[in-house]
Number of protein chains: 2
Amino acid sequence: MQITRQTDYAIRCVLYLSRMRERVVVVDDIAVIMDIPKSFLAKILQRLTKAGIVKSSRGIKGGFQLAKNPRQISLLDIIEAIQGPAGMNRCAINKDICRFSKTCTVHPVWVELRQKVEQHLKKVTFQKLIKLK
Amino acid sequence: MQITRQTDYAIRCVLYLSRMRERVVVVDDIAVIMDIPKSFLAKILQRLTKAGIVKSSRGIKGGFQLAKNPRQISLLDIIEAIQGPAGMNRCAINKDICRFSKTCTVHPVWVELRQKVEQHLKKVTFQKLIKLK
DNA sequence: TTTAATTAAGACAATTATTATCCTATTTTA
DNA sequence: TAAAATAGGATAATAATTGTCTTAATTAAA
Ligand code: SF4
Ligand code: SF4
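Residues numbered from 1 in each chain as written. Chains lettered and ligands numbered in written order. Predicted model: local features only at pLDDT ≥ 70, side-chain atom pairs only at ≥ 80, totals over all residues. Heavy atoms only, no water.

**Points about the protein's contact with DNA strand D**
Around DNA strand D, the structure places 22 residues, and the nearest of them are R5 of chain A together with K43, Q46, S56 and R58 of chain B. Backbone atoms, meaning sugar and phosphate, form 65% of the atoms of DNA strand D found within 4 Å of the protein. Between T4 of chain A and DNA strand D, the recorded distance is 3.5 Å, taken from a side-chain N or O atom to a phosphate oxygen. Within the side chain of K43 of chain B, a nitrogen or oxygen atom sits 2.6 Å from a base nitrogen of DNA strand D. Among the secondary structure elements, those contributing two or more residues to the surface near DNA strand D are α1 (5-19) and α3 (38-50) of chain A together with α3 (38-50), β1 (54-57) and β2 (63-66) of chain B. Among the residues forming the surface near DNA strand D, the class breakdown is 8 nonpolar, 9 polar and 5 charged. (Near = heavy atom within 4 Å. Polar contact = N/O pair within 3.5 Å; in protein donor to acceptor, adjacent residues only side chain to side chain. Helix = DSSP H or I, 4+ residues; strand = E, 2+ residues; numbered from the N terminus. Nonpolar A, V, L, I, M, F, W, Y, C, P; charged D, E, K, R; others polar.)

Given below as structure tokens:
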């Protein structure tokens, strides 16, 4: 039902990177400014990197920056990168996990709802989120 | 993000009771037919009883039955009775838990989404769910 | 070429949430 | 009074989440 704290951290983090535009920033800065435990954030950034949302560079002068335009990153992208599909019930993600799914009349509700939620989240880009209004 | 197994069990259970109309049924029957661990189900039924969704009677000839017309029970009712509010992020339920909420531009998204999801779930009554189609 | 700063990766610990069971008490009807 | 049912509480088992730590690899600058 809820996104995890980790996902919220990831969103804060990408929000910050979006505000920083092209600039490279280090984990420590994001952690302090966005109030995220530093080494936990480091893990989160690894996942965001693998998902192609941010890019990293190592060594002195290294750090993180967005891998794409904030217009091309949605809340859904972050959620899926960190938590996986946004289904409200397991059967909306994989209907085979439940032996009732073939006849269950509730099952389609979860499928519809998943679509609705995904549509909504896909529309919320970080472009929009940084233009506070 | 997801409803818990317990909530799914609760829904199955109310679905079964809806099909049974006025009849009183015992925990064991629901457990077997709906494939729910019996003593876990007993707990769930307690919560549904406290929430006024089902009513219980003790002793021989005792058991459970719906406390209202299936038309008056929605999926949202069950979810709220078992899991609490259907917010996708903690701040959509209580904005004070996050020190950013006053200025955060993501916060309103969770609030809107919560409304949208609740609206959707409120419309799905057990009346509709038992009329398979 | 060495050093310092940085991320990558993996193991692991701590905490919290979920799922499940069990025992005893209470209620009710036959 | 006995049997059949739920109520309530304690508690165990499992799984998920959150968080930390250590070591390795990379890079730029001194
Ligand atoms: S019972 Fe129906 S809703 Fe619940 S998991 Fe199975 S298919 Fe999905
Ligand atoms: S950071 Fe924004 S979205 Fe995340 S919890 Fe705080 S207010 Fe809600």
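Still more to cover.
**Describing the interface of chain A and chain B**
Contacts between the two partners involve 37 residues from chain A and, on the opposite side, 36 residues from chain B. In this assembly, chain A and chain B are joined by 2 salt bridges. On inspection of chain A and its partner chain B, the count reaches 12 residue pairs in polar contact (both at pLDDT 80 or more). Looking at the side of chain A that touches chain B, the elements with two or more residues in it are α1, α2 (27-34), α4 (75-82) and α5 (107-123) of chain A. Sorting elements by how many residues they give to the side of chain A that touches chain B places α5 of chain A first, with 8 residues. Its residues placed into classes, the side of chain A that touches chain B shows 23 nonpolar, 6 polar and 8 charged. (Contact = heavy atoms within 4.5 Å. Salt bridge = Lys/Arg side-chain N within 4 Å of Asp/Glu carboxyl O.)

**As for the relation of the copies chain A and chain B**
Rotating chain A by 180° and translating it 0.0 Å along the rotation axis places it on chain B, where the RMSD comes to 0.0 Å. The symmetry that links the two subunits is that of a two-fold axis. In terms of C-alpha distance to the rotation axis, chain A has M1 of chain A as its closest residue, with the C-alpha 1.5 Å off the axis. A shared interface surface links the copies, since 97% of the contact residues of chain A are contact residues in chain B too. (Least-squares fit on C-alpha atoms with pLDDT ≥ 70 in both.)

**A closer look at the packing of aromatic side chains**
All names here are of chain A. Counted by the stated rule, this structure contains 2 aromatic pairs over all chains. Taking the centre distance of 5.8 Å and the plane angle of 90° together, the rings of Y9 and F40 count as edge-to-face. Placement of the pair is Y9 in helix α1 and F40 in helix α3, with a sequence separation of 31 residues. By relative accessible area, F40 is classed as partly exposed at 33%. (Phe/Tyr/Trp six-rings, centres within 6.5 Å; stacked < 30°, edge-to-face > 60°. Buried < 20%, exposed > 50% of the residue type's maximum accessible area, 1.4 Å probe, protein only.)

**Side note on the site of ligand 2**
Residues in close proximity to ligand 2 include D8 and R12 of chain A together with N89, C91, C98, S101, C104, V106, H107 and W110 of chain B, which together make up its full environment. Around ligand 2, the neighbouring residues derive from chains A and B rather than from a single chain. Counting only elements with at least two residues in the shell around ligand 2, the list comes to α1 of chain A together with α5 (107-123) of chain B.

**Things to note about the protein's contact with DNA strand C**
Residues in contact with DNA strand C amount to 24 residues; listed here are only the nearest, K43, S56 and R58 of chain A together with R5 and R58 of chain B. Taking the atoms of DNA strand C that fall within 4 Å of the protein, sugar and phosphate contribute 64% of them. The separation between a phosphate oxygen of DNA strand C and a polar side-chain atom of S56 of chain A is 2.5 Å. Where the surface near DNA strand C is concerned, the elements lending two or more residues are α3, β1 (54-57) and β2 (63-66) of chain A together with α1 (5-19) and α3 of chain B.

**Concerning the packing of α1 of chain B against helix α2 (residues 27-34) of chain B**
Residue and element names in this part refer to chain B. The N-to-C vectors of α1 and α2 enclose an angle of 110°; their axes lie 10 Å apart at closest approach. In this view, α1 runs roughly perpendicular relative to α2, as classed from their interaxial angle. Regarding α1 and α2, the two cross each other, and that crossing is right-handed. Across from R12, C13, Y16, L17 and R19 in α1, the residues of α2 making contact are I30, I33 and M34. Across the contact of α1 with α2, the residue classes break down as 6 nonpolar, no polar and 2 charged. (Axes fitted to C-alpha atoms, helices over the stretch in contact; angles between N-to-C directions. Parallel < 35°, antiparallel > 145°, perpendicular 65-115°, else oblique. Left-handed = near helix turned anticlockwise from the far one by under 90°.)

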